[in-house]
Amino acid sequence: QQPPSPPPPPPTTNPDQYDDASNDLTSQQQQQSTLQTLLSKATNRTMLLTNMVGPNEVDDELKEEVKEECEEKCGPVDGVHIHVKEGVVQVYVIFQQMIHAKEAAKLFDGRTFGDRVISARLM
């Protein structure tokens with residue numbers, strides 16, 4: 001007679017596997033925290049663009065396109081950060097100097113991009 005087979009081992013969890021929803025939430029929280037830190041260091045040099053694109057229109061080239069246009073028309077840019085929250089795309093452009101951020105906000109506010117009217121303001 002054969003001895004009874006041992007019970008199956010308990011299921012193991014792979015630490016590299018995460019629930020997509022919680023991973024997305026953690027990622028969003030980390031992005032928000034990083035963005036808040038950057039903005040606090042760049043007060044008066046940051047322009048916020050909204051209604052530029054929809055969440056499905058954000059692509060890898062958007063940051064570079066925004067940076068190039070801002071630098072060409074307004075002045076040196078330290079960084080561009082794109083944040084999507086509750087279906088709203090926020091594009092933060094951090095300039096090296098406050099005067100350039102002011103010029104950019106005047107230039108972009110009310111401007112049409114595709115079929116959207118952009119809102120631009122200083123942070």
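Residues numbered from 1 in each chain as written. Predicted model: local features only at pLDDT ≥ 70, side-chain atom pairs only at ≥ 80, totals over all residues. Heavy atoms only, no water.

**Student:** Sorry if this is basic, but what is going on with the pairing of strand 2 (residues 77–85) here?
**Tutor:** One face of the sheet, then the other: side chains in a regular strand alternate in exactly this way. Of the pairings in the sheet, the one linking strand 2 to strand 3 (residues 88–95) comprises eight bridges and is antiparallel in character. Bridge pairing in strand 3 links Val 77 to Phe 95. Between strand 2 and strand 3, which follow one another and run antiparallel, lie two residues, and Glu 86 among them has a positive phi close to 50 degrees. (Pairing = 2+ DSSP bridges. Helix = DSSP H or I, 4+ residues; strand = E, 2+ residues; numbered from the N terminus.)

**Student:** Would you mind going over the sheet that holds strand 1 (residues 46–50) with me for this structure?
**Tutor:** Taking strand neighbours across the sheet as the criterion, the four strands line up as 2-3-1-6 in an open arrangement whose pairing is antiparallel. Looking at strand neighbours, the two that pair on one side only are strand 2 and strand 6 (119–122), the edges of this open sheet. The average undirected angle you get between the axes of adjacent strands in this sheet is 20 degrees. Helix 2 (residues 62–73) rests against strand 1, strand 2 and strand 3 of the sheet, and its axis sits at about 140 degrees to strand 2. (Axes fitted to C-alpha atoms, helices over the stretch in contact; angles between N-to-C directions. Contact = heavy atoms within 4.5 Å.)

**Student:** Just to check I follow, could you spell out a negative patch on the surface for this structure?
**Tutor:** Taken together, the side chains of Asp 59, Asp 60, Glu 61, Glu 64, Glu 65, Glu 68, Glu 71 and Glu 72 define an acidic patch exposed on the protein surface. Mapped onto the secondary structure, Glu 68 falls in helix 2. Judged by its relative accessible area of 46%, Glu 68 falls in the partly exposed class. (Patch = residues over 30% accessible without salt bridge, like charges linked within 9 Å, V, L, I, M, F, W, Y side chains within 5 Å. Areas by Shrake-Rupley, 256 points an atom, 1.4 Å probe, with all protein chains shown as cover. Salt bridge = Lys/Arg side-chain N within 4 Å of Asp/Glu carboxyl O. Lys, Arg positive; Asp, Glu negative; His and termini not counted. Charge placed at Lys NZ, Arg CZ, Asp CG, Glu CD. Buried < 20%, exposed > 50% of the residue type's maximum accessible area, 1.4 Å probe, protein only.)

**Student:** Help me understand the pattern of salt bridges, please; the structure alone is not making it clear to me.
**Tutor:** Enumeration over the complete set of coordinates arrives at four salt bridges. Ionic pairing is found between Arg 116 and Glu 57, a salt bridge with its closest N-O pair at 3.5 Å. Of this pair, Arg 116 sits in strand 5 (residues 116–117) while Glu 57 sits in the loop between strand 1 and helix 2, and the two are 59 residues apart along the sequence. One salt bridge in this structure joins Glu 69 and Arg 111, with 2.4 Å as the shortest N-O distance. With a gap of 42 residues between them, Glu 69 in helix 2 and Arg 111 in the loop between helix 3 (98–108) and strand 4 (112–113) connect regions that are remote in the sequence. Relative accessible area serves as the criterion here: at 22%, Glu 69 is assigned to the partly exposed category. On the basis of relative accessibility, which here comes to 27%, the residue Arg 111 falls in the partly exposed class.

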